[in-house]
Amino acid sequence: MRKTARKRRTMFRNALAIMVLTPALALAPTLLFSGQYNFAVPIAHADDGDDGGDNGDNGDDGDDGDDGDDGDDGANRGGNRGDGARSGNNRGGAIIQRLFRRNQPGPAPAPAQSVQLPDRSPDEVLATGLNAAEVESLVALGYTILDQQVLTSIDSTFVRFRVRNGISLEAARDEVEAAGNDVNADFNHYYRPTASSAAVVQEAVFRCEGPGCAAKRMIGWPLEALSNRSCSSNVRIGLIDTGINPDHIAFNHGRLELITSPVEGLRKSGRRHGTAVASILIGSQDSRTPGLLPDATVVAVDAFYRAGGNDERSDAYTLVRSVDLVRQRNVEIINMSLSGPPNTILERLMTDLASAGVIVVAAAGNRGPKADPVYPAAYPNVIAVTAVDNNRRAYRRAGRGSHIDIASPGVEVWIAASVRGARFATGTSYAVPFTTAAVALAIQGLEERDHQQVVAALAEHAIDIGETGRDDVFGYGLLQASGLCR
C-alpha cells in the first residue's frame with residue numbers, strides 16, 4: 001500500500017510539473033526574442049593577464065603552478081541544497097523564475113577604481129652637495145638625518161632627511177637646496193618594476209631551440225653572438241631590479257653576481273621580476289630559458305621592497321645608492337626595467353654615468369599611451385625602450401612620446417619563473433633586456449662608448465615599423481641586432 005501511495009504521489013508531482021512548465025516552455029521563444037526577458041546565464045570574460053600596470057609582478061615566490069580556487073564552492077552547494085528543501089512547495093514557480101528573469105533596469109555597476117599609488121615619501125627630502133657644516137645647520141633647524149652615504153659616481157655625500165615640523169614638503173626641498181651653493185635637493189620619489197602584475201602562464205607549443213626563438217628571430221638576433229664569443233664576452237651589465245633566485249637552473253653557469261641589497265628593515269621584494277629579466281640576458285644555454293648573452297656577466301642589486309599590500313617599489317634614495325653600487329663593479333651597461341617620476345638627483349646621476357661612458361637602458365612604462373613620460377627612460381642620456389608583440393604591434397599599455405628610442409619584444413616573452421621552470425610574461429620591463437643585449441654587441445664595434453653613438457647604431461639597423469622616421473610609438477623602429485656584432 002505504501003509503495004502504491006508513494007508511486008501515486010510521484011506521478012501527481014510529475015503531472016503538475018508538466019502542467020506548470022508546458023505553457024512557459026511554449027512561450028519561451030516569444031519571451032526570449034521579445035527582449036522582455038533574458039536567460040540568467042553567467043558569461044566568462046577573457047583576461048589579458050596584464051591588468052597590473054606598473055605594480056609589477058607581485059605574486060609570491062612559491063611554486064609557479066596554477067592555484068586552485070574551489071574552496072567555497074562546496075559550502076555554497078550545501079547552502080543551496082538546504083534552501084531548495086525549504087522551498088519544496090514552490091519548486092514550479094522557482095524553476096520558472098530561474099529560467100526567465102525580467103530585464104528590469106537596476107543600479108549601474110560602480111566603475112572600476114584604479115588604486116592610486118603614492119609617488120613619493122610624504123616626509124623625506126634627499127640632497128647631494130652639502131658639506132658637514134651645512135648638514136649641521138639643517139639639523140639645527142629641525143631636520144633629522146635618516147641616512148647618508150658617499151656616492152662614488154658623483155663624488156658627493158648623499159643625505160636622506162626627515163622634514164622638520166611645520167613646513168610643507170615643497171618648502172622643505174627649497175630650504176635644503178638653499179643651504180649651500182652647490183646643493184641638489186628633491187623628494188624621495190618611488191619607482192616600480194614595469195611589468196604586468198600577472199604572467200601569462202603557458203607551456204611551449206613550438207620549438208626552435210626553445211619558445212624564446214620567436215622573439216630572437218624577430219630582432220634578427222645573430223647566431224654569431226653565441227658562436228663567436230668576441231661579440232659578447234667579458235661584457236659586464238648592471239641590473240637594478242627586484243630580488244633574483246640565484247639557484248634557478250637558468251643561472252647554473254655562474255655568471256651572476258649579486259650585491260647585498262641596500263634595503264634594510266623592510267619586507268624583501270619578490271624574486272619573480274628580477275629572475276625573469278636576468279634570464280633574458282644570461283640564461284644558461286642548457287636551460288629552458290637560454291639567454292641572449294651567455295658569456296656576459298650580470299651584476300645585480302635588489303633595490304626594491306614590499307610596502308603595504310602588493311606595492312613593490314624602490315625609492316629614489318635606495319635607487320641612486322643601488323646604481324652607485326653597480327657602478328663600482330665596473331659595469332658598462334645598466335639595465336633598469338623600472339619607472340617612476342622625475343627626480344633631479346637621479347637625473348644628475350644619469351648625466352654623470354653618460355659622461356663616464358656607461359650606457360643606461362630603461363623601460364617606457366606600462367601606464368598607457370596617454371600617460372606622462374616616466375623616468376629614468378625619459379632622461380636624454382637614457383635609452384628608452386618600448387614593447388611590441390610578435391606581430392610588431394605596439395603593446396597596448398606601453399608609454400609613448402618623443403623620448404622613445406627603440407622597440408623590442410615585450411609581449412608574452414619567454415622568461416624563467418621565480419622558483420623553477422619557465423613561463424611567458426608581458427610588459428615593457430621584458431623589452432629592456434633585449435635592447436641591453438643589443439647594446440652589448442654594439443659597443444664592441446665602437447671606438448667610444450658614447451650614448452649618442454650607441455643610439456645611432458641602434459637606429460641605423462632598426463626596421464621602421466611606424467610613421468616614417470622616428471615616431472612617438474616605436475622610436476626609431478624595431479630593434480635589429482644582426483648588424484651590430486662586428
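Each chain carries its own residue numbering, running from 1 in the written order of its sequence. Only residues with pLDDT of at least 70 get local features here, since the model is predicted, and only at 80 or more are side-chain atom pairs given and counted; chain-wide, interface and lining totals rely on the full set of residues. Here the side-chain values reflect all heavy atoms present in the structure, with hydrogen atoms and water set aside.

Chemist: Honestly, the nonpolar core in this entry has me stumped. Any pointers?
Modeler: Within soluble globular proteins, side chains that are nonpolar tend to cluster in buried spots. The biggest cluster of nonpolar side chains holds 62 residues, and the ones touching the most others in it are Trp 221, Leu 293, Ile 333, Ile 383, Val 439 and Leu 458. Excluding residues within four positions of it along the chain, Trp 221 makes contact with Lys 216, Leu 292, Leu 293, Ala 437, Ala 438, Leu 441 and Ala 481. Of all hydrophobic cores here, the second largest spans 37 residues; its members include Ile 154, Ile 259, Leu 349 and Met 350. Nonpolar cores are built from buried Ala, Val, Leu, Ile, Met, Phe, Trp, Tyr and Cys residues. Side-chain atoms within 4.5 Å join them into one set. Summary of the burial criterion: residues with accessible area below 20% of their type's maximum are buried, those above 50% are exposed, and those between are partly exposed, where the area comes from a 1.4 Å probe applied to protein chains only. Two residues qualify as a contact provided that any one of their heavy atoms is within 4.5 Å of a heavy atom in the partner residue.

Chemist: What's the story with the pattern of salt bridges in this structure? I'm lost.
Modeler: Think of it this way: side chains of opposite charge can pair up when their charged atoms draw near. Here, a salt bridge means any side-chain nitrogen of Lys or Arg that lies within 4 Å of a carboxyl oxygen of Asp or Glu. Throughout the structure, instances matching the rule amount to 15 salt bridges. For Asp 147, the salt bridge is made with Arg 321, and the minimal N-O distance between the two is 3.4 Å. Remark: Arg 321 occurs in helix 9 (residues 316–327) and Asp 147 occurs in strand 4 (residues 144–151); sequence separation between them is 174 residues. Residues participating in the shared-partner salt-bridge network are Arg 192, Asp 311 and Arg 313. Put simply, DSSP H or I for four residues or longer makes a helix, DSSP E for two residues or longer makes a strand, and each gets a number counted from the N terminus.

Chemist: Please explain the pairing of strand 18 (residues 413–416) as it appears in this structure.
Modeler: For a regular strand, side-chain orientation follows a simple rule: the groups alternate between the two sheet faces. Burial along strand 18 is two-sided: the face carrying Val 413 and Ile 415 and the face carrying Trp 414 and Ala 416 are both buried. By the convention used here, strands pair only if DSSP detects at least 2 bridges between them. Inspection of the sheet shows strand 18 paired to strand 19 (residues 422–425) by four bridges, in the antiparallel sense. Within strand 19, the position partnered with Ala 416 by the bridge is Ala 422. Taking the residues that link successive antiparallel strands as the turn, the strand 18-strand 19 hairpin has five residues, and the phi of Gly 421 there is positive, at about 75°.

Chemist: Would you mind going over the sheet that holds strand 7 (residues 236–241) with me for this structure?
Modeler: In a beta sheet, neighbouring strands pair by backbone hydrogen bonds and run either parallel or antiparallel. Spatial strand order, 8-10-7-13-15-16-17: seven strands in an open sheet with parallel pairing. Edge positions in the sheet fall to strand 8 (256–259) and strand 17 (406–409), since each of these pairs with one other strand and no more. Neighbour to neighbour, the strand axes of the sheet diverge by 30° on average, direction disregarded. Direction of pairing for strand 13 (residues 333–336) relative to strand 15 (residues 359–363): parallel, over a ladder of four bridges. Each axis is a line fitted through C-alpha atoms, taken for helices only over the stretch in contact, and angles between the N-to-C directions span 0 to 180 degrees.

Chemist: Help me out: how do you make sense of the pairing of strand 12 (residues 312–315) in this one?
Modeler: In strand 12, alternate side chains face the same way, and those of Glu 312 and Ser 314 on one face and Arg 313 and Asp 315 on the other are all buried. In this structure, strand 11 (residues 305–306) lies alongside strand 12, joined through two bridges in antiparallel fashion. Opposite Arg 306, over in strand 12, you have Glu 312 as the bridge partner. Between strand 11 and the antiparallel strand that follows it, strand 12, lie five residues; Gly 309 among them carries a positive phi value of about 65°.

Chemist: I'm lost on unusual backbone geometry in this one. Help?
Modeler: Apart from glycine, the bulk of residues carry a negative phi angle, and the bulk of peptide bonds sit in the trans form. The omega torsion across Tyr 375 and Pro 376 is 15°, close enough to zero to call that bond cis. Along the chain, the position of Pro 376 falls in the loop between strand 15 and strand 16 (382–388). Unusually for a residue other than glycine, Asn 330 sits at a positive phi of about 60°. Its place among the elements puts Asn 330 in the loop between helix 9 and strand 13. The class for Asn 330 is exposed, based on a relative accessible area of 56%. Here the phi dihedral of Arg 392 falls at roughly 65°; this positive angle occurs in a residue that is not glycine. Looking at the secondary structure, you find Arg 392 in the loop between strand 16 and strand 17.

Chemist: What is the right way to look at the confidence of the model for the protein chain in this model?
Modeler: Low-pLDDT portions of the prediction should not be read for the details of their coordinates. Of the residues in the protein chain, 71% have a pLDDT of 70 or more, and the chain-wide mean is 79. pLDDT is defined as a per-residue confidence score from the predictor, taking values between 0 and 100. Here residues 20–113 is a poorly scored stretch, pLDDT under 50, and it has 96 contacts once near neighbours within four places are set aside; other chains count. Note that pLDDT drops below 50 for residues 197–208; the model gives that stretch 31 contacts with residues more than four away or on any other chain.

Chemist: How should the packing of aromatic side chains be read in this particular structure?
Modeler: Here the distance between the centres and the angle between the planes together describe a pair of aromatic rings. Two aromatic rings from Phe, Tyr or Trp, using only the six-membered ring of Trp, form a pair when their centres are within 6.5 Å; if the ring planes differ by under 30 degrees the pair is stacked, by over 60 it is edge-to-face, and anything between is tilted. Counting across every chain of the model gives four aromatic pairs. Ring centres 5.9 Å apart and planes at 70° place the aromatic pair Tyr 143 and Phe 161 in the edge-to-face group. With Tyr 143 in the loop between helix 4 (132–141) and strand 4 and Phe 161 in strand 5 (residues 156–162), the pair connects residues that are 18 residues apart, well separated along the chain. We classify Phe 161 as buried; its relative accessible area is 0%. Either the NZ atom of lysine or the CZ atom of arginine qualifies as a charge over a ring when it sits within 6 Å of the ring centre and within 35 degrees of the ring normal. Here the guanidinium or amino end of Arg 120 rests over the ring plane of Phe 187, the centre of that ring lying 4.3 Å away. Sitting over the face of the ring of Tyr 190, Arg 313 holds its NZ or CZ atom 3.7 Å from the ring centroid.

Chemist: Please explain the packing of helix 11 (residues 428–442) against helix 12 (residues 451–461) as it appears in this structure.
Modeler: The relative placement of two packed helices comes down to the angle between their axes together with the axis-to-axis distance. Contact pair helix 11 / helix 12: the axes reach a minimum separation of 10 Å and the direction vectors enclose 105°. With respect to each other, helix 11 and helix 12 are oriented roughly perpendicular. Each of Thr 435, Ala 438, Val 439 and Ala 442 in helix 11 lies in contact with helix 12, whose residues at this interface are Val 454, Ala 457 and Leu 458. Its residues assigned to classes, the contact of helix 11 with helix 12 comprises six nonpolar, one polar and no charged. Convention used here: angles under 35 degrees read as roughly parallel, angles over 145 as roughly antiparallel, angles from 65 to 115 as roughly perpendicular, and any remaining angle as oblique. Classes in brief: Ala, Val, Leu, Ile, Met, Phe, Trp, Tyr, Cys and Pro nonpolar; Asp, Glu, Lys and Arg charged; the others, Gly included, polar.

Chemist: What is the right way to read helix 12 from this model?
Modeler: Structurally, the α-helix is built with 3.6 residues per turn, so residues lying three or four positions apart point the same way. When helix 12 is considered as a whole, its buried residues turn out to be His 451, Val 454, Val 455, Ala 457 and Leu 458. Buried residues of helix 12, seen end-on, are gathered within an arc of 155° and therefore sit on one face of the element. When the buried face of helix 12 is taken as reference, the exposed residues oriented beyond 90 degrees from it are Gln 452 and Glu 460. Buried residues along helix 12 sit in contact with strand 15, strand 16, strand 17 and helix 11. The definition of a polar contact used here is a pair of N or O atoms within 3.5 Å, where within protein one atom must be able to donate a hydrogen and the other to accept one, and adjacent residues in sequence count solely through side-chain atom pairs. The N-terminus of helix 12 is capped by Asp 450, whose side-chain oxygen sits 3.0 Å from the backbone nitrogen of Gln 452. Arc definition: directions from the helix axis to the C-beta atoms.

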